[in-house]
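# Coordinate inspection notes
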Amino acid sequence: MIFPTTFLHLILLVESFLLFLCVRRLRDTGDFLLREQKLQLKASSTQKTSTDFAIPMIYVVTPTYTRPTQLPDLTRLANTLRLVPRIHWIVAEDRNTTTKPVADLLAASKLRFTHLAAERPHELIGKVIGRGVFNRRAALDWIRTYAEPSGVIYFADDDNSYDVRIFEEIRQTRVVAVFPVGLVLKFGISSPIVRQGTVIGFFDAFLGGRKFAMDMAGFSVSVKHLNSKPLATFPAAVSWLEEGFMRSLEVEKDDLEPKAESCTRVWVWHTRTEKAAEPKLQHLQGFHC
Ligand code: UGA
Ligand code: MN
């Protein structure tokens, strides 16, 4: 049977139209699936933020002072903190005003932060006895005024090294939590001694009559507990900062909460950055480009 050409053209036209409808349907289905996927992604990121709010904020207090290694030390710490959720970094400079290089570093870090500076009394400027005392006190004042009561405080010196796992231990602090610190003095470690889940003493190369022979990096305190002790503070006394602060928190040894797998893990180290020379313009003399 032979179809007239017009009829064949008609069939071709109908088929083309059907094909057009199919392509359009495919495109619409693709668009729909993409939109659905985007909505789901959005929902899961909102969900993440809302679970984030369910965990306590960690107020990381870092005293710091101007020196050639300050920015690299703070950069390293910022990079660590960026890996941890719900961190509020309180960087407190040991001087009368905040500095621009530190402010720029904080802004670039994208972390939630507060930048403070605290002046030492005139007679303590340049002395060992005032090191990191007044700036840590300024951070305590800020916390008492602004911190979320469900939060936790940790004193993180700028030159230490932190395994991110330590922050999840710290986050569980109810009153005062304690854990080992590596590379402290000649024993190479400072640690609470734990028996049947209770702290019964301290292993530290410097006992010196201390009731709480700990390093600054070896404990955390809940905001609620700090707020219940309005007189708690750091004494201006060499080698007595941790002891003085712990005593002022009015806790006993058996109140301390051992963390880091019952104090069997080292997830923070008291590393120290080697002193470095300061670049000066006079160093350029004799160099020609
Ligand atoms: C020793 C102890 O091991 C720490 O537990 C204690 O925090 C510290 O002393 C202290 O004196 O506060 P060390 O490594 O000798 O640690 O001290 P640094 O790292 O030089 O200073 C500790 C923190 O205080 C650092 O974050 C540092 O930037 C800051 N700091 C230091 C100041 O804010 N002002 C200063 O004049 C010196
Ligand atoms: Mn240090």
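This report concerns the structure included in the present document. No experiment lies behind these values; they were computed from the predicted model shown.

## Section: the site of ligand 1
Surveying the vicinity of ligand 1 reveals 19 residues, the closest of which are Pro 63, Asp 94, Arg 131, Glu 242 and Arg 272. For ligand 1, an oxygen atom lies 3.5 Å from a polar atom in the backbone of Thr 64. The separation between an oxygen atom of ligand 1 and a polar side-chain atom of His 270 is 2.8 Å. Compared with its free state, where it exposes 670 Å², ligand 1 has 86% of that area covered by protein. The cavity that encloses ligand 1 is the largest pocket. Among the secondary structure elements, those contributing two or more residues to the shell around ligand 1 are strand 1 (58-64), helix 4 (133-146) and helix 7 (241-248). Of the residues belonging to the shell around ligand 1, the class tally is 4 nonpolar, 4 polar and 11 charged.

## A look at the packing of helix 2 (residues 70-81) against helix 3 (residues 100-109)
For the pair helix 2 and helix 3, the least separation of the axes is 11 Å and the interaxial angle reads 20 degrees. Judged on the interaxial angle alone, helix 3 and helix 2 are roughly parallel. Considering the relative orientation of helix 2 and helix 3, their crossing is right-handed. Here Gln 70, Leu 71, Leu 74, Thr 75 and Ala 78 of helix 2 lie close against helix 3, whose contacting residues are Pro 101, Val 102, Leu 105 and Ser 109.

## Comments concerning the coordination of the manganese ion (ligand 2)
Only Asp 159 (OD) and Asp 159 (OD) from the protein reach the manganese ion (ligand 2) as donors, at distances of 2.4 to 2.5 Å. Within the secondary structure layout, Asp 159 lies in the loop between strand 4 (152-155) and strand 5 (161-162).

Rules behind the numbers
- Residues numbered from 1 in each chain as written.
- Chains lettered and ligands numbered in written order.
- Predicted model: local features only at pLDDT ≥ 70, side-chain atom pairs only at ≥ 80, totals over all residues.
- Heavy atoms only, no water.
- Near = heavy atom within 4 Å.
- Polar contact = N/O pair within 3.5 Å; in protein donor to acceptor, adjacent residues only side chain to side chain.
- Areas by Shrake-Rupley, 256 points an atom, 1.4 Å probe, with all protein chains shown as cover.
- 1 Å grid on protein atoms, 1.4 Å probe; cavity = no way out; pocket = protein on both sides within 12 Å on 5 of 7 lines; lining within 4 Å.
- Sits in = over half its atoms within 2 Å of the grid points.
- Helix = DSSP H or I, 4+ residues; strand = E, 2+ residues; numbered from the N terminus.
- Nonpolar A, V, L, I, M, F, W, Y, C, P; charged D, E, K, R; others polar.
- Axes fitted to C-alpha atoms, helices over the stretch in contact; angles between N-to-C directions.
- Parallel < 35°, antiparallel > 145°, perpendicular 65-115°, else oblique.
- Left-handed = near helix turned anticlockwise from the far one by under 90°.
- Contact = heavy atoms within 4.5 Å.
- Donors = N, O, S within 2.8 Å, 3.2 Å for Na, K, Ca; no water.

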